[in-house]
Amino acid sequence: MDARLDRVLTADTRSRLVSALASLPAMSAGTTSTITAASGRIRRRGAWRVPRSLKVESAFAAVRLDLSRAVIEHAVTDIELRLGTTTAKIVVPRDALVDIDGLHTGWKDSPYNAPRRARPGGPRIRVSGSMGFSRLKIRHARR
């Protein structure tokens, strides 16, 4: 490690830096993503790739996340909401298990009713964070 660190710190060209770092293991890309908007809209829908951890920050922007046709590669997906005064809607896959225990609201609790007959094996979606005077609606996709 000391030899590699010395090579990195004394590299005077990009090619020497790249060669010093070449044998490091590659990091898995796309495990965390942050979406931020002060106002307007935050919208994700269709066949988009959902990261392992998604942070959504908004002061006044309306948030719409549709995961019904999204590519969810992880067994557990964490969605952290940091919302001011806005509305948020999350559509989850039909067989998803949703956990909102880590979500703190400043105004009123977000009603979420789990489906009566949840199918085993679906992705687990954990929603956490804080919402000022925001409203959150979570529903399961119909198909």
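Here the structure is shown first, and the text comes after it.
Values in this document were obtained by computation on a predicted structure and should not be read as measured data.

> Quick question: what am I supposed to make of the overall build of the protein chain here?
Scanning the protein chain from N- to C-terminus turns up 2 helices and 11 strands. The N-to-C order of helical and strand elements in the protein chain reads α-α-β-β-β-β-β-β-β-β-β-β-β. Taken against the 2.2 N^0.38 rule, which gives 15 Å for 143 residues, the C-alpha radius of gyration of the protein chain at 20 Å runs more than 25% over that of a compact globule. With the C-alpha coordinates of the protein chain rotated into their principal frame, the extents come out at 60 × 35 × 25 Å. Every one of the 143 residues in the protein chain was classed for burial, and the buried ones make up 33%. Taking all contacts inside the protein chain whose residues are at least 6 apart in sequence as the whole, residues at least 24 apart take part in 63%. When the accessible area of the protein chain is evaluated, it comes to approximately 9,500 Å², of which 50% is carbon and sulfur surface. Side-chain charges of the protein chain comprise 27 positive and 12 negative groups, with the mean position of each set lying 13 Å from the other.

> Teacher, can you tell me more about a nonpolar patch on the surface here?
A cluster of nonpolar residues, Leu17, Leu21 and Leu24, forms a patch on the protein surface that exposes about 220 Å² of accessible area. Among the structural elements, leucine 17 can be located in helix α2 (residues 14-21).

> Would you mind showing me how to read a positive patch on the surface here?
Taken together, the side chains of Arg41, Arg43, Arg45, Arg64, Arg69 and Arg143 make up a positively charged region of the molecular surface. Residue position: arginine 143 is located in the segment after β11 (135-140).

> Help me understand the sheet that holds strand β8 (residues 87-92) in this model?
Hydrogen bonding along the main chain pairs the strands of a sheet, whether they run parallel or antiparallel. Judged by pairing direction, the sheet is parallel, and its 4 strands sit side by side in the order β2-β5-β8-β11 without closing on themselves. Strands with a single pairing partner mark the edges of an open sheet, and in this sheet they are β2 (41-44) and β11. Ignoring strand direction, the axes of neighbouring strands in this sheet form an average angle of 5 degrees. Across 4 bridges, β2 lies against strand β5 (residues 62-66) in parallel orientation. Bridged to isoleucine 42 within β5 is valine 63.

> What should I look at first to understand the nonpolar core in this one?
Nonpolar side chains tend to gather and get buried jointly when the protein is soluble and globular. Residues Leu67, Leu81 and Leu136 are the most contacted members of the largest nonpolar core, which totals 27 residues. Contributing elements (two or more residues each) for this core: β1 (32-37), β4 (53-58), β5, β7 (76-83), β8, β9 (97-105), β10 (124-131) and β11. If sequence neighbours within four positions are ignored, leucine 67 has contacts with Trp48, Val50, Ile72, Ile79, Ile90, Val91, Val92, Pro93 and Ile125.

> What is the right way to read the sheet that holds β1 from this model?
Taken together, the 5 strands give an open sheet; going across it, the order is β1-β4-β7-β10-β9, and neighbouring strands pair in parallel fashion. Edge strands, defined here as strands with exactly one partner in the open sheet, are β1 and β9. The mean angle between the axes of side-by-side strands here comes to 10 degrees, regardless of whether they run parallel or antiparallel.

> Explain the environment of arginine 126 here, please?
Tracing the backbone through its elements, the reader meets arginine 126 in strand β10. Between the alpha carbons of arginine 126 and arginine 43 there is a distance of 19 Å; along the sequence they are 83 residues apart. Residue contacts for arginine 126: discarding those within four places in its chain leaves Arg52, Val76, Thr77, Asp78, Ile79 and Asp99.

Procedures and definitions
- Residues numbered from 1 in each chain as written.
- Predicted model: local features only at pLDDT ≥ 70, side-chain atom pairs only at ≥ 80, totals over all residues.
- Heavy atoms only, no water.
- Helix = DSSP H or I, 4+ residues; strand = E, 2+ residues; numbered from the N terminus.
- Rg over C-alpha atoms; globule rule 2.2 N^0.38 Å.
- Buried < 20%, exposed > 50% of the residue type's maximum accessible area, 1.4 Å probe, protein only.
- Contact = heavy atoms within 4.5 Å.
- Areas by Shrake-Rupley, 256 points an atom, 1.4 Å probe, with all protein chains shown as cover.
- Lys, Arg positive; Asp, Glu negative; His and termini not counted.
- Charge placed at Lys NZ, Arg CZ, Asp CG, Glu CD.
- Patch = residues over 30% accessible without salt bridge, like charges linked within 9 Å, V, L, I, M, F, W, Y side chains within 5 Å.
- Salt bridge = Lys/Arg side-chain N within 4 Å of Asp/Glu carboxyl O.
- Pairing = 2+ DSSP bridges.
- Axes fitted to C-alpha atoms, helices over the stretch in contact; angles between N-to-C directions.
- Core = buried A, V, L, I, M, F, W, Y, C linked by side-chain atoms within 4.5 Å.

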